[in-house]
Amino acid sequence: MGSLIGSRTPRIEDRPLLTGNGQFLDDISIPGILHVCFVRSQHAHALIRSIALDEARAMPGVHAVLTMADLIKVTGVERMPLGASPTKATGPITPYILSNTEVAFVGETIAMVVAESRYAAEDAAGCVIVDYEPLPVVTDIRAAVASNDLTVRQEASTNVLNRLKVAYGDAASAFATAKHVFREELWQHRGCAHPMETRGVVAECRPDRGLNVWSSTQMPNDLFTAIAEATRLEEDSLRVITPDVGGGFGPKYCIYPEEIAVAAAALLLRRSLKWVEDRREHCMTAVQERDQYWTLEIAVDGEGLISGIRGNLIHDQGAYALKAVNLPYNSATAVPGPYIVPHYEVDVIIGFTNKVPASSVRGAGYPQAAFAMERLMDRVARELGVGRVEIRRRNLIPPEKMPYSKPLKARSGAGITYDSGDYIASQAEVLAAADWDGFAKRQADARKQGRYLGIGLAHAVKGTGRGPFETGMVRVNPSGQISIYTGAAAMGQGLGTALAQICADQLGVRADQITVTSGDTARTPLGLGGFASRQLVTAGSSVLLSSRAVAAKAKKLASHMLEASEDDLELADGKVRVIGAPDLAVSLGELSRILRGAPGYAFPPGIEPSLEADIKWQTEPLAYANTSHVVEVEVDPDLAHVTILRYTALQDCGTLINPMIVDGQIRGGIAHGIGNALLEEMIYDANGQPLTTTFADYLLPTSTDVPNFQTIYRQTPSPINPLGAKGVGEVGTIPAAAAIISAIEDALSPFHVRISQTPVTPQVLFRLIAEARA
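Residues numbered from 1 in each chain as written. Predicted model: local features only at pLDDT ≥ 70, side-chain atom pairs only at ≥ 80, totals over all residues. Heavy atoms only, no water.

**Looking at the overall build of the chain**
Each helix and strand counted, the chain has 20 helices and 29 strands in total. Here the C-alpha radius of gyration of the chain, 28 Å, is about what a compact globule of 774 residues would show, namely 28 Å. With respect to the principal axes defined by its C-alpha atoms, the chain has extents near 90 × 75 × 50 Å. With 774 residues in all, the chain has 61% of them scored as buried. Taking the contacts inside the chain whose residues are at least 6 apart along the sequence as the reference set, 79% of them involve residues at least 24 apart. When the accessible surface of the chain is split by element, carbon and sulfur atoms take 51% of a total near 28500 Å². Averaged over its 71 positive side-chain charges, the chain has a centre that lies 2 Å from the centre of its 85 negative ones. (Helix = DSSP H or I, 4+ residues; strand = E, 2+ residues; numbered from the N terminus. Rg over C-alpha atoms; globule rule 2.2 N^0.38 Å. Buried < 20%, exposed > 50% of the residue type's maximum accessible area, 1.4 Å probe, protein only. Contact = heavy atoms within 4.5 Å. Areas by Shrake-Rupley, 256 points an atom, 1.4 Å probe, with all protein chains shown as cover. Lys, Arg positive; Asp, Glu negative; His and termini not counted. Charge placed at Lys NZ, Arg CZ, Asp CG, Glu CD.)

Here you go:
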């Protein structure tokens, strides 16, 4: 690969965004469009006895007030399909498009108001009278799975969705013969994603009675399938497009009742409709992650070498499942992380509560696993009197064992094999950059001044590039313009620039001479979208191979025209030219024009029409990125305030296509991890009422909470994809909470404070310090 790979090429997406010409969901304007507001449940669990609509229908500007009794005329079914399922699956675990008999969490959709403006729709929604019969509420997942006396929905006979055992080796024997066994009980509380742009959908009725749908989604092709199935539209009559997307972070990976309801209502009313989620709705209805309770034991020998880990995990799924449930499996399989764990056994219980459904938020189960494992490593170090660095070094997988296979399977069924990386060298490098060895003096000097400094360390490994494929079509147009079409979903991360760099590097043009169209089912009927840090690996590899195929075809045709061997040709400046004789050249646009054909004129032998290629690179194994974080903090024990003084993060993300984009992704991921560690907490009361539904209550990291980061990169190319790349979108988040909380414990070591939960909010920290002082 050439000079563009690894360059800090300016983002091709930025000019329209910086000049106010971006088009996000709410910017889409269609003549005569009507606006939607949803009537949502005020109860965490209740029967719906009746819904009175007449007063709302009589309000000024209201065109319709709809319930499931209306939408069923279009959908034929009441429930949502199960997303990310290889089969057409529905069932009693998925939510209703609009609930009409029972609600199972606050914010569940019941009815929808269609009006001239959002203001009129909101006013009318307040006049819809729902007669509820409140039912007992289940909010504690531990109680929910311990007894079926109270269920989250009357249709369910149990609150347990599934039980799993993730195991290999002989954990019982390992623990029976272990010199030391230590136990930790951990709780990781649920939080939201809060992208800058919330969810939203626009449905435009077409003259052919079809539908154009815009959605702020990570999964346009998945949404296409869901709408086509739910509305029984012919696929040729439907188009789904993602406009500019102001962040995804996981919740936009799911397909929601609102998206299906708006599409169905547009078909029913034959009017174009728009719904945009407000921030309170996001807190109440967009999927959240975590609420996991862990009980783990670790067995080690006298030197601190791990012989086994065992325990159990209880995962709170909320009231329904929007997608095939993968988070607890991700968590359970990811616990061993970068360490050698000879024997392993974790029992997983997945249960329902009367809360908003759970699904992926940046990291998708991996941050929970890293927190659990790193808490165990700190415990072993403390109990054995071995340094936290040394205990990790002794247990990290050494480079000579790479590729390293773990006796576990990913949720796809593929084996888990770490393909590349040097974890021991990564630890050494990040420690040197953070001046770990000099910290003891800094800490001692601060203590003399009555200040409490601490330092923490954490590692993680993340599988990236989940398959099975992604579209990456490359086309050269007669004008010379080069187009890329992909099913990958742009959501602010610079995907277009990265794909353009890969293509431009092969075709000898500038990245800004390439247009990238992503997330448009009319252009890319096959695609999987954005999740699991996959798009650079999958779409990037497809674009690379398609670009190479286009370049080869261009050379083959040019060799006939220039009467030169293909080996004597190169691509540069948008032309195919003879090496050493740049005036002997033909432009890519001219080659494209020729390959469009002319009546009666044959192509040269062995050359097919069109200067384009559509190679869908396929993969089953994952490319594993590794990361090591060191955090230095100061804790004020009287105010229970944590200040992050220094943050050093090393990532091995394989081949870096654009280091500037990678740096932005890593820094954003760390900021998300800081929120997970210290601030973000979605609190429900005993009645299932959400209490943190504004930014006055749900705290996000601000500029005063986020320090300057020192980011370091190792580049160990992955051998399993042609780019050698590994994903970067989530890896910055995964070890952050573990490293920060390790540092807080170190700062408060004179008080013997022990932390076993996230987030460690000021209230939690104040209580822990007070208990330690008592």
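**Concerning a negative patch on the surface**
Taken together, the side chains of Glu229, Glu234, Glu235 and Asp236 make up a negatively charged region of the molecular surface. Relative to the helices and strands, Glu229 is located in helix 7 (residues 220-231). (Patch = residues over 30% accessible without salt bridge, like charges linked within 9 Å, V, L, I, M, F, W, Y side chains within 5 Å. Salt bridge = Lys/Arg side-chain N within 4 Å of Asp/Glu carboxyl O.)

**Remarks on the pattern of salt bridges**
Tallied over the entire structure, the rule returns 54 salt bridges. Among the ionic pairs, Glu184 bridges to Arg379, the shortest N-O distance being 3.0 Å. Highlighted residues: Glu184 in strand 8 (residues 180-188) and Arg379 in helix 11 (residues 366-384), separated in sequence by 195 residues. Assessed through its relative accessible area of 17%, Arg379 is described here as buried.

**Thoughts on the environment of Ser50**
The residue Ser50 is located in strand 2 (residues 46-52) in this model. Linking Ser50 and Gly589, residues 539 residues apart in sequence, is a C-alpha distance of 65 Å. Dropping the residues within four chain positions of it, Ser50 is found in contact with Ile129, Val130 and Asp131.

**Describing the packing of helix 11 against helix 19 (residues 736-747)**
Where helix 11 meets helix 19, the closest approach of the two axes is 9 Å, and the angle between their N-to-C directions is 30 degrees. By the angle between their directions, the pair helix 11 and helix 19 is classed as roughly parallel. In this structure, helix 11 crosses over helix 19, and the sense of that crossing is right-handed. Here helix 11 contributes Ala370, Phe371, Glu374, Arg375, Asp378 and Arg382 to the contact with helix 19, which in turn contributes Ala737, Ala738, Ile741, Ser742 and Glu745. Here the contact of helix 11 with helix 19 is built from residues that sort into five nonpolar, one polar and five charged. (Axes fitted to C-alpha atoms, helices over the stretch in contact; angles between N-to-C directions. Parallel < 35°, antiparallel > 145°, perpendicular 65-115°, else oblique. Left-handed = near helix turned anticlockwise from the far one by under 90°. Nonpolar A, V, L, I, M, F, W, Y, C, P; charged D, E, K, R; others polar.)

**Description of the sheet that holds strand 8**
The mixed open sheet is built from six strands, whose spatial order is 7-15-14-13-8-29. The two strands at the open ends of the sheet, each matched to only one other strand, are strand 7 (160-168) and strand 29 (757-758). Across nine bridges, the pairing between strand 13 (residues 292-300) and strand 14 (residues 306-316) is antiparallel. Along strand 14, the bridge assignment pairs Leu296 with Gly311. (Pairing = 2+ DSSP bridges.)

**Digging into the sheet that holds strand 22 (residues 569-572)**
Read from one edge to the other, the open sheet built from three strands follows the order 22-23-24, with strand pairing classed as antiparallel. What marks the edges here is a single partner per strand, and that holds for strand 22 and strand 24 (581-587). Within the sheet, the average angular offset between the axes of one strand and its neighbour, ignoring direction, is 35 degrees. Sheet analysis places strand 22 next to strand 23 (residues 575-578), joined by four bridges and oriented antiparallel.

**Observations regarding empty space enclosed by the protein**
In this structure the tally under the stated criterion is eight cavities of 30 Å³ or more. Within this model, the largest cavity holds a volume of roughly 130 Å³. Surrounding the largest cavity, 17 residues form its lining, Pro95, Phe105, Tyr256, Pro257 and Thr285 being those nearest its centre. Counted by class, the lining of the largest cavity contains ten nonpolar, three polar and four charged residues. Its boundaries defined by the atoms lining it, the second largest cavity holds a volume of some 80 Å³. Together, Gln188, Arg290, Pro367, Gln368, Phe371, Gly673, Asn676, Thr733, Ile734, Ala737 and Thr758 line the second largest cavity. (1 Å grid on protein atoms, 1.4 Å probe; cavity = no way out; pocket = protein on both sides within 12 Å on 5 of 7 lines; lining within 4 Å. Points joined across faces, edges and corners; volume = space filled by probe spheres on them.)

**Quick word on the packing of helix 16 (residues 535-562) against helix 17 (residues 588-595)**
Two numbers describe how helix 16 lies on helix 17: the axes approach to 10 Å, and their chain directions differ by 85 degrees. As summarised for this structure, helix 16 and helix 17 are arranged roughly perpendicular, according to the angle between their axes. Here Lys553, Ala554, Leu557, Ala558 and Met561 of helix 16 come into contact with helix 17, specifically with Leu588, Leu591, Ile594 and Leu595. Residues of the contact of helix 16 with helix 17, tallied by class, amount to eight nonpolar, no polar and one charged.

**Things to note about the packing of aromatic side chains**
The description of an aromatic ring pair rests on the distance of the ring centres and on the angle between the ring planes. One pass over the structure, following the stated rule, counts nine aromatic pairs. An angle of 40 degrees between the planes, with centres 5.1 Å apart, marks the rings of Tyr253 and Phe531 as tilted. Taken together, the residues span a long stretch of sequence, with Tyr253 in the loop between strand 11 (238-241) and helix 8 (257-269) and Phe531 in the loop between strand 21 (514-518) and helix 16 at a distance of 278 residues. For the pair Tyr253 and Phe531, one class covers both residues: buried. Relative to Phe709, the ring of Tyr647 lies with its centre 5.5 Å away and its plane at 85 degrees, an arrangement referred to as edge-to-face. Residue Tyr647 is found in strand 27 (residues 641-652), and its partner Phe709 is found in strand 28 (residues 709-714); the two are separated by 62 residues along the sequence. (Phe/Tyr/Trp six-rings, centres within 6.5 Å; stacked < 30°, edge-to-face > 60°.)

**Concerning the nonpolar core**
Core analysis: the biggest nonpolar cluster contains 87 residues, and Ile309 and Ile744 have the highest contact counts within it. For this core, the leading source of residues is helix 11, giving ten residues. If you look at the next biggest cluster of nonpolar residues, it comprises 43 residues, including Ala488, Ala511, Leu591 and Ile657. (Core = buried A, V, L, I, M, F, W, Y, C linked by side-chain atoms within 4.5 Å.)

**Comments concerning the environment of Asn708**
Structurally, the position occupied by Asn708 is in the loop between helix 18 (659-678) and strand 28. On a C-alpha basis, the gap between Asn708 and Arg646 in space is 7.2 Å, while along the polypeptide they are 62 residues apart.

**Considerations on helix 10 (residues 327-334)**
Burial analysis of helix 10 places seven of its eight residues in the buried class, the great majority of the element. Every buried residue of helix 10 is listed here: Leu327, Pro328, Asn330, Ser331, Ala332, Thr333 and Ala334.

**Some words on the side chain of Gln665**
Here Gln665 lies in helix 18. Look at Gln665 and you get buried, because its relative accessible area is 18%. Residues within four places of Gln665 in sequence aside, it is in contact with Arg362, Gln493, Val728 and Gly729.

**Structural notes on the side chain of Glu108**
Inspection of the secondary structure assignment puts Glu108 in the loop between strand 4 (102-103) and strand 5 (109-115). For Glu108, which is buried and forms no salt bridge, the nearest opposite charge comes from Arg79, at a distance of 7.1 Å. For Glu108, the side chain forms a polar contact with the main-chain nitrogen of Ala104, separated by 2.6 Å. Among the polar contacts made by the side chain of Glu108, one reaches the side chain of Tyr320 at a distance of 2.7 Å. Residues contacting Glu108, with those up to four places away along its chain left out, are Val39, Arg40, Ser41, Tyr96, Ser99, Glu102, Val103 and Tyr320. (Polar contact = N/O pair within 3.5 Å; in protein donor to acceptor, adjacent residues only side chain to side chain.)

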